[in-house]
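Fold and geometry: a report
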Amino acid sequence: GLVNTREMFKAANEKGYAVPAFNFNNMEQGMAIVEACAEMGSPVILQCSSGARKYMGKEIVPMLAKGLVEHVRAKGSDIPVALHLDHGSDLELIKDCIDYGFSSVMIDGSHYDFEKNIIVSKEAADYAHKFDVTVEAELGVLAGVEDDVVADEHVFTQPEEVEEFVSRTGVDSLAIAIGTSHGAHKFKPGSDPKLKLDILAEIERKIPGFPIVLHGSSAVPAKYVDMIKEFGGELTDAIGIPDDQLRGATKSAVSKINVDTDGRLAFTAGIRKVFGTNPKEFDPRKYLGPAMKEMKEYYQSKIVDVFGSEGA
Ligand code: G3H
Ligand code: 13P
Ligand code: NA
Ligand code: ZN
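Residues numbered from 1 in each chain as written. Chains lettered and ligands numbered in written order. Predicted model: local features only at pLDDT ≥ 70, side-chain atom pairs only at ≥ 80, totals over all residues.

As for the UniProt feature "binding site: Zn(2+) 2" (unreviewed entry) in the chain
Per the UniProt record, the feature "binding site: Zn(2+) 2" (unreviewed entry) sits at Asp108 and Glu138. A maximum C-alpha distance of 5.7 Å is found for the annotated residues, which run over 31 residues; spatially they form one tight group. Following the sequence through the fold, Asp108 ends up in the loop between strand 4 (104–107) and helix 6 (114–129). Apart from the residues lying within four places of it in its own chain, the contact partners of Asp108 are His87, Gly88, Ser89 and Glu138. (UniProt positions renumbered as here; feature names shortened; annotations may be inferred. Helix = DSSP H or I, 4+ residues; strand = E, 2+ residues; numbered from the N terminus. Contact = placed C-beta atoms within 7 Å.)

Right, here's the structure in full:
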């Protein structure tokens, strides 16, 4: 069945890798994720946003996740799989997700002030722990998706605050802001796509070994941007986090890295390619199948290039 993230992060920390947290929105994406990770022998966090949960249906999400676990078990894989709520906004949503079988949740109080963030995060942790569900909280603010993202708009996590935050809340992992952001436009064209790795190092000194999470870590691979454009899509100034900026971080206490946008790009590129090369096709399996293969290849390459979680 589904497991929480406690043992996953412990192992990741000891062995110096990060666990992939891939967002999914339907069966094809879920299958691509678990098959990719099962074949690589990597633990995996199936990550579901509240929007994705609404889209799939809250009754379907846990059934699908459990079905995906059975699917890889039938192939002989014993990788640990967690079902995690991404960016949980409040306790009510978190309670509902736990009722429906999520094994891990995020409480995102990053937009509140320090004290309010502590209150909501502690409330979530106290509740979730009664059900052995692990909790991720966030301190610091990632620049917005729609905003014209420049480094100054991030509110970087203050290392002086992390120790008090994790000890007062009792959360299991901490998402930090060091220059990553959500979506396909993470840096201004021509600017230097650099993360604040000095802040990460400082945070690690304050809370040694505590599991750190990075959101907004898609690479926005040129391959998919080009494919999308080649087959009729429009995507300008799409810039992600270069893999080499993240690779070193996985060897540290960074234990979970979130990727959503890249999966969307691979999915869309795969579908567009079929439609562009075979306009007569209308069997969904004939375009979703190749798109699933495209996503799976992406997830596997990301595991090798960044996570280092293969054979874990
Ligand atoms: O952090 C945001 C994730 O990429 C989820 O996005 O709310 O559109 O599903 P979504
Ligand atoms: P990306 O948009 O970079 O894929 O980030 C996803 C994320 O952080 C989900 O919580
Ligand atoms: Na790590
Ligand atoms: Zn996020």
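Quick look at the site of ligand 1
Around ligand 1, the surrounding shell consists of Asn23, Ser49, Gly51, Ala52, Asp86, His87, His182 and Asp260. Those elements that place two or more of their residues in the shell around ligand 1 are helix 3 (50–56) and strand 3 (81–88). Residues of the shell around ligand 1, tallied by class, amount to one nonpolar, five polar and two charged. (Near = placed C-beta within 6 Å. Nonpolar A, V, L, I, M, F, W, Y, C, P; charged D, E, K, R; others polar.)

So, the UniProt feature "active site" (unreviewed entry) in the chain
On the UniProt side, "active site" (unreviewed entry) is annotated at positions that read Asp86 here. For Asp86, the location among the structural elements is in strand 3. Here Asp86 falls in the buried class, since 22 other C-beta atoms lie within 10 Å of it. Leaving out residues up to four positions away in the same chain, Asp86 has contacts with Asn23, Gln47, Cys48, Ser49 and Met106. (Buried ≥ 20, exposed ≤ 12 C-beta atoms within 10 Å, placed from the backbone.)

Quick look at the pairing of strand 8 (residues 254–259)
Counted residue by residue, strand 8 has six buried out of six residues, so it is predominantly covered. Pairing geometry for strand 1 (residues 19–23) and strand 8, over four bridges, is parallel. When the bridges of strand 8 are listed, Pro20 appears paired with Ile257. Where strand 7 (residues 212–214) meets strand 8, three bridges bridge the pair, whose relative direction is parallel. Paired with Ile212 across the bridge in strand 8 is Val254. (Pairing = 2+ DSSP bridges.)

Description of the sheet that holds strand 1
In space, the eight strands of this closed barrel follow the order 1-2-3-4-5-6-7-8, with parallel pairing throughout. When strand polarity is set aside, the average angle formed by the axes of neighbouring strands in this sheet is 25°. Pairing of strand 2 (residues 44–49) with strand 3 involves six bridges; the strand directions are parallel. Of the residues in strand 3, the one forming a bridge with Ile45 is Ala82. (Axes fitted to C-alpha atoms, helices over the stretch in contact; angles between N-to-C directions.)

Focus on helix 5 (residues 91–99)
Each turn of an α-helix holds 3.6 residues, which means side chains three or four residues apart point in the same direction. Turning to helix 5, its buried residues number three or more, namely Ile94, Cys97 and Ile98. Down the axis of helix 5, the sector holding all buried residues measures 100°, keeping them to one side. Opposite the packed face of helix 5, turned more than 90 degrees from it, sit the exposed residues Glu92 and Asp99. Against the buried residues of helix 5 lie strand 3, strand 4 and helix 6. Positive phi appears at Gly101, one or two residues downstream of helix 5, with a value of about 100°. (Arc of directions from axis to C-beta.)

What about the environment of His84?
Mapped onto the fold, His84 is located in strand 3. Spatially, the C-alpha atoms of His84 and Val133 are 9.4 Å apart, while their sequence positions differ by 49 residues. Excluding residues within four positions of it along the chain, His84 makes contact with Ala21, Ile45, Leu46, Gln47, Cys48, Phe102, Ser104, Val105 and Met106.

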